[in-house]
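# What the coordinates show
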Amino acid sequence: MCWNSDDSGREAYYPAMKPSRPLFGMTLVMAALLVFALQDAMIKGLTARYPVIELLSLRILLVLVFVGVAAALTTGRRAFVTRHWRPMCLRGLLAFTAFYLYYVALSYLPLADAATVLMSAPLFVTLLSVPLLGERVGFARWLAVSIGFLAVVYMLDPGAELFTLMAALPLLSAVCYALMPIITRSIREDEGSITIIIYTTLSYAIACALFTALVFLFPATEDARGVWAALAQPWQWPTVVDGLSIAATSVLFTVGLYAITLAYRVADVSVLAPFEYTYLIWAVAIGYVAFGEVPASRTLIAGSVIAICGIVIAVRENGARASVRKLRIIRRQ
């Protein structure tokens, strides 16, 4: 699962860098999504032996060190100075919730199934941007959102006997994930992306610590059933091999985060957004190779429809923003 990297404020520390290398940007996005898919598969494998909260807590601590060192070396103390810490911390809490729900779902669902539902996040971004940001959405985007949600319902098949609450967790994760770029858009453009990442990561780590304390106080019993039994498993000390695997997920996450952030600095959003759906391709391939998971026909059909709808939304949204920018320029003249 990728860390949403909205490019708001990307020029704050890199004013000379202009979007002009689309091929390089596309390569970076696809590589980043491959890295994220590999990381997700590793965590899925580890969830068979360790609770999700333990894996997320250990991973985010290492990521926090990597991000802090990178920020100190590249931008210095100004990367840690902000006047918008509240929305950034809220963004971190949403990131924690999104990751946590997604990885709990991964411990029960095939990688391709969970990934397909998660990729409905752009549909929620469009839907929520109307009441939360006051944005206007045209007929084409509303149609794409409607068709996309129908595809999600078709895949989840909520009336079937095989439907479980775990199957809906990626959908809840997608809602939290969708709120992240909306919050990012509400932050002033003079805020650097590295600062947003730092405060998001820090609040994410604090959320992990608080939830870990809750699990220690109210652990799930051995005979417990239901969602809390899946969420509140007690920690176990990892073996050396598993400890190295957890460290590797931190490295992969940091590399993927850096790659996708750099991609959106060297190429336009409209060019790159469609390529984020390559995550579905990587998820299907890695799920088959690593776990022998063969996607059901519902997953393949729904994934294709959701990807097409997401691409339509990205292209139309970028066109709408371009029209607004041109109108503003004309008015200024």
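Residues numbered from 1 in each chain as written. Predicted model: local features only at pLDDT ≥ 70, side-chain atom pairs only at ≥ 80, totals over all residues. Heavy atoms only, no water.

Once that is clear, we can look at the overall build of the chain. If you tally the helices and strands in the chain, you get 13 helices and 0 strands. Sequence-ordered secondary structure for the chain, helices as α and strands as β, is α-α-α-α-α-α-α-α-α-α-α-α-α. Sorting the 333 residues of the chain into buried and exposed places 50% on the buried side. In the chain, the share of contacts with a sequence separation of at least 24, taken over all contacts with a separation of at least 6, comes to 87%. (Helix = DSSP H or I, 4+ residues; strand = E, 2+ residues; numbered from the N terminus. Buried < 20%, exposed > 50% of the residue type's maximum accessible area, 1.4 Å probe, protein only. Contact = heavy atoms within 4.5 Å.)

The next thing to look at is the confidence of the model for the chain. Overall, the prediction assigns the chain a mean pLDDT of 80, with 81% of residues at 70 or greater. Confidence drops under pLDDT 50 across residues 7–17; counting only partners more than four residues distant or on other chains, this segment forms 28 contacts. For residues 326–333, every residue scores under 50 in pLDDT, and the model assigns this stretch 0 contacts once sequence neighbours within four places are set aside. (pLDDT = per-residue confidence, 0-100.)

The next thing to look at is the nonpolar core. In this structure, Leu-56, Phe-96, Tyr-100, Tyr-102, Tyr-103, Tyr-204 and Tyr-279 are the most contacted members of the largest nonpolar core, which totals 97 residues. Among the elements that take part in this core, helix 3 (residues 85–106) stands out by supplying 13 residues, more than any other. (Core = buried A, V, L, I, M, F, W, Y, C linked by side-chain atoms within 4.5 Å.)

A separate point is the side chain of Asp-113. Mapped onto the secondary structure, Asp-113 falls in helix 4 (residues 111–118). Leaving out residues up to four positions away in the same chain, Asp-113 has contacts with Met-155 and Thr-299.

Moving on to the packing of aromatic side chains. Counted by the stated rule, this structure contains 11 aromatic pairs. Ring centres of Phe-96 and Tyr-204 lie 6.0 Å apart, and the angle between their planes is 90°; on these two criteria the pair is classed as edge-to-face. Here the residue Phe-96 occupies a position in helix 3, and Tyr-204 occupies one in helix 8 (residues 193–217), the gap between them amounting to 108 residues. Overall, Phe-96 belongs to the buried group, its relative accessible area being 8%. Through a chain of ring-to-ring contacts, three or more aromatic side chains come together here, namely Phe-36, Phe-96, Phe-99, Tyr-100, Tyr-102, Tyr-103, Tyr-204, Phe-211 and Phe-253. Just above the ring of Phe-291 sits the side chain of Lys-44; from NZ or CZ to the centre is 5.4 Å. When the ring centre of Phe-253 is taken as origin, the NZ or CZ atom of Arg-59, which lies over that ring, is 4.5 Å away. (Phe/Tyr/Trp six-rings, centres within 6.5 Å; stacked < 30°, edge-to-face > 60°. Lys NZ or Arg CZ within 6 Å of the ring centre and 35° of its normal.)

The end-to-end C-alpha distance of helix 12 (residues 278–291) is 19 Å, a good match for the 20 Å that 14 residues give at a rise of 1.5 Å each. Among the residues of helix 12, Thr-278, Tyr-279, Leu-280, Ala-283, Ile-286 and Gly-287 are the ones counted as buried. Two residues or fewer after helix 12 comes Gly-292, characterised by a positive phi angle close to 65°. (Expected span 1.5 Å × (residues − 1).)

Turning next to the packing of helix 5 (residues 121–133) against helix 6 (residues 139–156). At a minimum axis separation of 9 Å, helix 5 and helix 6 run at an interaxial angle of 130°. One finds that helix 5 runs oblique with respect to helix 6. Relative to helix 6, helix 5 is oriented so that their crossing is left-handed. The segment helix 5 lies against helix 6, with Leu-123, Phe-124, Thr-126, Leu-127 and Val-130 engaging Arg-141, Trp-142, Ala-144, Val-145, Gly-148 and Phe-149. Across the contact of helix 5 with helix 6, the residue classes break down as 8 nonpolar, 2 polar and 1 charged. (Axes fitted to C-alpha atoms, helices over the stretch in contact; angles between N-to-C directions. Parallel < 35°, antiparallel > 145°, perpendicular 65-115°, else oblique. Left-handed = near helix turned anticlockwise from the far one by under 90°. Nonpolar A, V, L, I, M, F, W, Y, C, P; charged D, E, K, R; others polar.)

Here we come to the side chain of Thr-299. Among the secondary structure elements, Thr-299 is positioned in helix 13 (residues 297–332). On the accessibility criterion, Thr-299 (5% relative accessible area) is buried. Here Asp-113 takes part through its side chain, which lies 2.7 Å from a polar atom of the side chain of Thr-299. Leaving out residues up to four positions away in the same chain, Thr-299 has contacts with Ala-112, Asp-113, Thr-116 and Met-155. (Polar contact = N/O pair within 3.5 Å; in protein donor to acceptor, adjacent residues only side chain to side chain.)

Topologically, Leu-132 is positioned in helix 5. Along the chain, Leu-132 and Ile-182 lie 50 residues apart, while their C-alpha atoms are 7.9 Å from each other. Sequence-distant contacts of Leu-132, that is, excluding residues within four places in its chain, are made with Leu-179 and Ile-182.

The full count for this structure, using the stated rule, is 2 salt bridges. For Glu-293, the salt bridge goes to Lys-44, with nearest N and O atoms at 3.6 Å. Pair noted here: Glu-293 is in the loop between helix 12 and helix 13 and Lys-44 is in helix 1 (residues 22–46), with a separation of 249 residues, a long-range link. Given the relative accessible area of 11%, Lys-44 is considered buried. With a closest N to O distance of 3.1 Å, Asp-242 and Arg-49 form a salt bridge. You can see Asp-242 sitting in helix 10 (residues 240–266) and its partner Arg-49 sitting in the loop between helix 1 and helix 2 (52–74), a full 193 residues away along the chain. For Asp-242, a relative accessible area of 8% corresponds to the buried category. (Salt bridge = Lys/Arg side-chain N within 4 Å of Asp/Glu carboxyl O.)

In this section: the environment of Val-117. With respect to the element layout, Val-117 can be found in helix 4. Taking the C-alpha atoms as reference points, Val-117 and Leu-171, separated by 54 residues in sequence, lie 5.8 Å from one another.

This part is about a nonpolar patch on the surface. Taken together, the side chains of Leu-62, Val-65, Phe-66, Val-69, Leu-73, Val-251 and Val-255 define a hydrophobic patch exposed on the protein surface, amounting to about 600 Å² of accessible area. Note on placement: Leu-73 falls in helix 2. (Patch = residues over 30% accessible without salt bridge, like charges linked within 9 Å, V, L, I, M, F, W, Y side chains within 5 Å. Areas by Shrake-Rupley, 256 points an atom, 1.4 Å probe, with all protein chains shown as cover.)

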